[in-house]
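# Secondary and tertiary structure notes
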Amino acid sequence: MPIEQTEKNSFWETFFLGERLFDRYLFLFLIGIELLMSFSFLGFIHIPPISVTFAYFPIIVSGLLLKMPQTLIISLFFGFASLFKATPYYVMFADAVFSPFSSNAPVNSIFLSLGTRLLFGALVSYFFSCAIHKKFEYLWIGLVACLSPKLHSIIVLTALGMLFPEFDLNITNTLNWDFNDTLTALGCIFLCIGLWYAINTEKFQFLKHAINHASQNPYKSKFFFFALTIFIFLLIALAISAALYFIDREAYMLKQYQILITPVIAKDLFYLQCQFVFAMVGIMLLSTTVLFSYHQYMSYKEYQDGIDTLTNVMGRKMFFFCCHKLEKKSKTAPNTASNWFLFVDIDYFKVINDTFGHAAGDKVLHEIAQNLSAAFKETGYIGRIGGDEFAVIIYKPMSEEELGYHLSKFLENISSLLPQAKVSCSIGGYEFLFPQKLSHILSKADNMLYKAKENGRACYRLQPIHSGSSSEE
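Predicted model only: the values in this text are computed from it and were never measured. (Residues numbered from 1 in each chain as written. Predicted model: local features only at pLDDT ≥ 70, side-chain atom pairs only at ≥ 80, totals over all residues. Heavy atoms only, no water.)

### What to know about the overall build of the protein chain
To keep it simple, the criterion reads: Here a helix means four or more residues in a row that DSSP labels H or I, a strand means two or more in a row labelled E, and each is numbered from the N terminus. Throughout, the radius of gyration refers to the C-alpha atoms, and the reference size of a globule is 2.2 Å times the residue count to the power 0.38. For every residue, the accessible area obtained with a 1.4 Å probe (protein chains only) is divided by the maximum for its type, and the residue is called buried under 20%, exposed over 50%, and partly exposed between those limits. Only heavy atoms enter the contact rule, under which two residues are in contact if any of them lie within 4.5 Å. Using the Shrake-Rupley algorithm and a 1.4 Å probe, accessible areas are obtained, with residue cover drawn only from the displayed protein chains. Positive charges are assigned to Lys and Arg, negative charges to Asp and Glu, while His and the chain termini are left out of the count. Just so you know, the charge point we use is NZ for Lys, CZ for Arg, CG for Asp and CD for Glu.
From N to C terminus, the protein chain includes 17 helices and 8 strands. For 473 residues, the compact-globule estimate of 2.2 N^0.38 gives 23 Å, and the C-alpha radius of gyration of the protein chain, at 32 Å, exceeds that figure by more than 25%. When the 473 residues of the protein chain are sorted by exposure, 45% land in the buried category. At a minimum sequence separation of 6, the contacts of the protein chain that also span at least 24 residues come to 70%. Carbon together with sulfur atoms contributes 65% to the accessible area of the protein chain, which is approximately 24,800 Å² in total. One way to put it: in the protein chain the 36 positive side-chain charges average out to a point 3 Å from where the 37 negative ones average out.

Structural data, given as structure tokens:
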């Protein structure tokens, strides 16, 4: 790759959010799903005599596709949602024990709401890590998926029986298997196996690669992310405003019907509207991650269009765009360190094509590009700007001696690319300081290239800043 822009993330950022960008988007997407399921009917379907819970499915999916820290965070979201929904006065006693504000044992309620979900997330993540990339992995993934819903029931009901003995629950209450368990297990199996198959397809792997490497696109603008972030905060503010408005309107409507709004009722109405806001935040997270992912994907496609397919380095348009970008950057952030611009021209390339065929010529082009990348990808940009001509702009400090070493090694490495003939390049280099017009830099480097060809080719000529003369090999 011609541009290596690896983001430096802190240990904690990587630990909690994930190492790659795709994993972070998936993590946020699953949090959005969890919020939406926990605070809407989508997570709890009750059609008598069937009652099925799906709200913990994002935890299971995270255990399969993400690391344990992300799974534990999603488990906490589920636990806090259970705690919050158990706090209003209208909930039944069996649900109220999940809230430390409604039960007579707050510590026990916190463990019941949060501790059990953390334990569930940790176990699911561990079991999936043991199942994937093993022999018969689809069988093992299906087995873990099948047992995960029952595992959740066992953990929660066992903790409920131990922490609140008044419910008179024991181990036998957790081990029974009914029709609802079968439906939940089947849904979980199809979801996990389907996702695992989809995420390992070639198209999905390319999508992951595109999202993770979209930062390589030099055309990419930060304005889109800034504008979208502002838009998200605006939507959240509007959702909160709408919730507060409906609380006020509900109270007014009930008052008009001469229904007394006690502080308890007002508080419960507030809790209901907060649940609406949380569901809206979940929807916004879903839509935002999809938009960001699509933008990253299209950004990578734009980057691919600017890459020369034969040599896998920048094409002419992208290379000079990066050069102009460095020129503009120097005007706002002056740099006293010098830079180098190189023209690299393959000697007698037409003879290679005519004598050994275009396949040999293509091989020479590709290998020369790769050797240039190996020498300068950490310090500059490499581009193919013509049929047999390459250019390099080195934007990190490099002495004339160090550059000469790299160029000598480059010329030595490419000399044996073809067994039938020696391959060589003529190289012209110009050292410069920004700000300086790019056209002037190109002219100076081209002049050095011409002198290298006059000198018999298969050599480099450099013009350093400290001298009007040139050095050569």
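### What to know about the confidence of the model for the protein chain
Put simply, the rule reads: Residue-level confidence of the predictor, termed pLDDT, takes values from 0 up to 100.
Of the residues in the protein chain, 93% have a pLDDT of 70 or more, and the chain-wide mean is 87. This stretch, residues 1-7, has a pLDDT under 50; its non-local contacts, to residues over four places away or in other chains, come to 22 contacts.

### So, the packing of helix H3 (residues 57-65) against helix H9 (residues 179-199)
Quick note on the threshold: Here, axes are lines fitted to C-alpha atoms. For helices the fit covers the stretch in contact, and angles between N-to-C directions go from 0 to 180 degrees. In this scheme the handedness of a crossing depends on how the near helix is turned from the far one: anticlockwise by less than a right angle means left-handed, clockwise means right-handed.
At a closest axis distance of 11 Å, the pairing of H3 and H9 adopts a crossing angle of 35°. The hand of the H3/H9 crossing is right-handed. Contacts between H3 and H9 pair Phe57, Ile60, Val61, Leu64 and Leu65 from the former with Thr184, Gly187, Cys188, Leu191, Cys192, Leu195, Trp196 and Ile199 from the latter.

### A short note on the side chain of Asn371
By the element assignment, Asn371 lies in helix H15 (residues 358-376). Judged by its relative accessible area of 17%, Asn371 falls in the buried class.

### Brief notes about the nonpolar core
Nonpolar side chains in soluble globular proteins tend to end up buried together. Condition: For this analysis, a nonpolar core means a set of buried residues of the types Ala, Val, Leu, Ile, Met, Phe, Trp, Tyr and Cys, connected via side-chain atoms within 4.5 Å.
Counting residues in hydrophobic clusters, the biggest one holds 48 residues, and the most contacted among them are Ile60, Leu64, Phe120, Phe128, Ile141 and Cys192. Elements with a minimum of two residues in this core: helix H2 (21-38), H3, helix H4 (68-85), helix H6 (106-131), helix H7 (137-163), H9, helix H11 (223-256) and helix H12 (263-305). The element best represented in this core is H2, accounting for 9 residues. Not counting the four nearest positions on each side in its chain, Leu64 is found in contact with Phe128, Ile132, Ile141, Cys192 and Trp196. By size, the runner-up hydrophobic cluster in this structure holds 31 residues, among which are Val364, Leu417, Val423 and Cys425.

### Things to note about the packing of aromatic side chains
Stated formally: Between the rings of Phe, Tyr and Trp (Trp by its six-membered ring), a pair exists once the centres lie within 6.5 Å; its type follows the angle of the planes, with under 30 degrees stacked, over 60 edge-to-face, and the other angles tilted. Whether a charge lies above a ring is judged from NZ of Lys or CZ of Arg, which has to be within 6 Å of the ring centre and within 35 degrees of the ring normal.
Taken as a whole and assessed by the stated rule, the structure comprises 23 aromatic pairs. Aromatic pair Tyr56 and Phe120: ring centres 6.0 Å apart, planes at 80°, arrangement edge-to-face. Linking Tyr56 in the loop between strand E2 (50-53) and H3 with Phe120 in helix H6, this pair joins segments that are 64 residues apart in sequence. In this pair, the class of Tyr56 matches that of Phe120, namely buried. Between Phe432 and Phe434, the aromatic rings sit 5.0 Å apart at their centres with planes inclined by 80°, giving edge-to-face as the arrangement. For the pair shown, Phe432 and Phe434 are each scored as buried. In this structure an aromatic cluster arises from ring pairing among Phe39, Phe84, Phe270, Tyr271 and Phe278. The positively charged end of Arg249 is found above the aromatic ring belonging to Tyr252, 4.9 Å away from the centroid. Taking NZ or CZ as reference, Arg457 lies 4.9 Å from the ring centre of Tyr348, over its face.

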